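Chain by chain, the residues:
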Amino acid sequence: YDGLILNLPGRYNLSNAAAAFASAHYLGIEPGLIIKGIKAFLGTKRRFELIADVNHVRLYDDYAHHPLELRAVLAAAKDWLPGRRLIAVFQSHTYSRTKALLPQFVTSLLAADAVIINDIFASARETETLGVSGQILAQLIRVKRGQVYFAPGKAATLARLKQLVKAGDVILTLGAGNNWLWHKDIIKLLRQL
């Protein structure tokens, strides 16, 4: 339809908008109203959510915690923000998922220009690390991409970002862990650039 504008990046959002349009149209809603609704939709919390734009650096957050989700959101970021360096800050969730999908995590994160890997965010049901860690994930990615860093927690992540970030960059916090709670501190760091 002419005039249909999607305010979100990614083929997955385009598919979602098409499905929403088709469903609403099937229910008899006027196409003009559907288009107006789609234009007004700006997304949901923790899904390619713009957190801040400070000193020409954008900070986004996404709940992506599965390799396919990571691949989709990083591709969307590259398409949406062409020519900008993408710094992914990823915190894997659960040792069992990380171990089971380790090769896929490595491959999916290669789309970022620089990668910061945090400690794995354990679930309440897991007490065993299963021989996997954020440091191991970082080492495996580093074999294929140069700018990969292990930063276990908030302090190490902030220190690494301070070294890495330049005007024009995009930082994307990713995962179902708690690294999204560090946004205030990341914004404070960006204000010092």
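Residues numbered from 1 in each chain as written. Predicted model: local features only at pLDDT ≥ 70, side-chain atom pairs only at ≥ 80, totals over all residues. Heavy atoms only, no water.

Asker: Any chance you could break down the overall build of the protein for me, citing the residues and the numbers?
Answerer: Check the secondary structure of the protein and you find eight helices and six strands. Start at the N end of the protein and walk to the C end: the helices and strands fall as α-α-β-β-α-β-α-α-β-α-β-α-β-α. Taken against the 2.2 N^0.38 rule, which gives 16 Å for 193 residues, the C-alpha radius of gyration of the protein at 18 Å falls within 12% of a compact globule. Structurally, the protein occupies a C-alpha span of about 55 × 40 × 30 Å along its principal axes. Out of the 193 residues belonging to the protein, those deemed buried represent 43%. Of the accessible surface of the protein, which amounts to about 10100 Å², a share of 57% is contributed by carbon and sulfur atoms. Taken together, the 24 basic and 14 acidic charged side chains of the protein have centroids lying 5 Å from each other. (Helix = DSSP H or I, 4+ residues; strand = E, 2+ residues; numbered from the N terminus. Rg over C-alpha atoms; globule rule 2.2 N^0.38 Å. Buried < 20%, exposed > 50% of the residue type's maximum accessible area, 1.4 Å probe, protein only. Areas by Shrake-Rupley, 256 points an atom, 1.4 Å probe, with all protein chains shown as cover. Lys, Arg positive; Asp, Glu negative; His and termini not counted. Charge placed at Lys NZ, Arg CZ, Asp CG, Glu CD.)

Asker: So what's going on with the packing of helix 5 (residues 102-109) against helix 6 (residues 134-142)? Residues and values would help.
Answerer: At their nearest, the axes of helix 5 and helix 6 sit 9 Å apart, and the two run at 55° to each other. As the angle between them shows, helix 5 and helix 6 are arranged oblique. For the element pair helix 5 and helix 6, the recorded crossing hand is right-handed. Only Leu137, Leu140 and Ile141 of helix 6 make contact with helix 5, whose side of the interface consists of Leu102, Phe105, Val106 and Leu109. The class makeup of the residues in the contact of helix 5 with helix 6 is seven nonpolar, no polar and no charged. (Axes fitted to C-alpha atoms, helices over the stretch in contact; angles between N-to-C directions. Parallel < 35°, antiparallel > 145°, perpendicular 65-115°, else oblique. Left-handed = near helix turned anticlockwise from the far one by under 90°. Contact = heavy atoms within 4.5 Å. Nonpolar A, V, L, I, M, F, W, Y, C, P; charged D, E, K, R; others polar.)

Asker: I'd like to hear about the layout of surface pockets, residue by residue, with values.
Answerer: Of the pockets and cavities examined, the largest pocket occupies roughly 260 Å³. Considering the residues around the largest pocket, the lining is formed by 13 residues, among which Leu8, Asn13, Asn16, Ala17 and Phe41 are closest to the centre. Here the lining of the largest pocket takes five residues from helix 1 (residues 11-26), the largest share from any one element. Within the lining of the largest pocket, the residues separate by chemical class into eight nonpolar, four polar and one charged. Here the second largest pocket defines a volume of roughly 190 Å³. Taken together, 13 residues line the second largest pocket, and the ones lying closest to its centre are Leu8, Leu42, Phe48, Glu49 and Leu50. (1 Å grid on protein atoms, 1.4 Å probe; cavity = no way out; pocket = protein on both sides within 12 Å on 5 of 7 lines; lining within 4 Å. Points joined across faces, edges and corners; volume = space filled by probe spheres on them.)

Asker: Can you explain a nonpolar patch on the surface? Please cite residues and give values.
Answerer: A cluster of nonpolar residues, Tyr26, Leu27, Ile29 and Leu33, forms a patch on the protein surface that exposes about 510 Å² of accessible area. With respect to the helices, strands and loops of the structure, Tyr26 is situated in helix 1. Taking the relative accessible area as the measure of exposure, Tyr26 reaches 74% and is therefore exposed. (Patch = residues over 30% accessible without salt bridge, like charges linked within 9 Å, V, L, I, M, F, W, Y side chains within 5 Å. Salt bridge = Lys/Arg side-chain N within 4 Å of Asp/Glu carboxyl O.)

Asker: Now, about the nonpolar core: what can you tell me, with residues and values included?
Answerer: Judged by nonpolar contacts, the single largest core of 29 residues is most densely connected at Leu74, Phe90, Ile117, Leu137, Ile141, Leu172 and Leu174. Among the secondary structure elements, those contributing two or more residues to this core are helix 3 (67-80), strand 3 (86-90), helix 5, strand 4 (114-117), helix 6 and strand 6 (170-174). The contacts of Phe90, once residues within four sequence positions are left out, are Ala64, His65, Leu70, Phe105, Leu109, Ile116, Ile117, Asn118, Leu137, Leu174, Gly175 and Asn179. The next biggest cluster of nonpolar side chains, apart from the first, holds 20 residues, and it includes Ile116, Leu161, Ile187 and Leu189. (Core = buried A, V, L, I, M, F, W, Y, C linked by side-chain atoms within 4.5 Å.)

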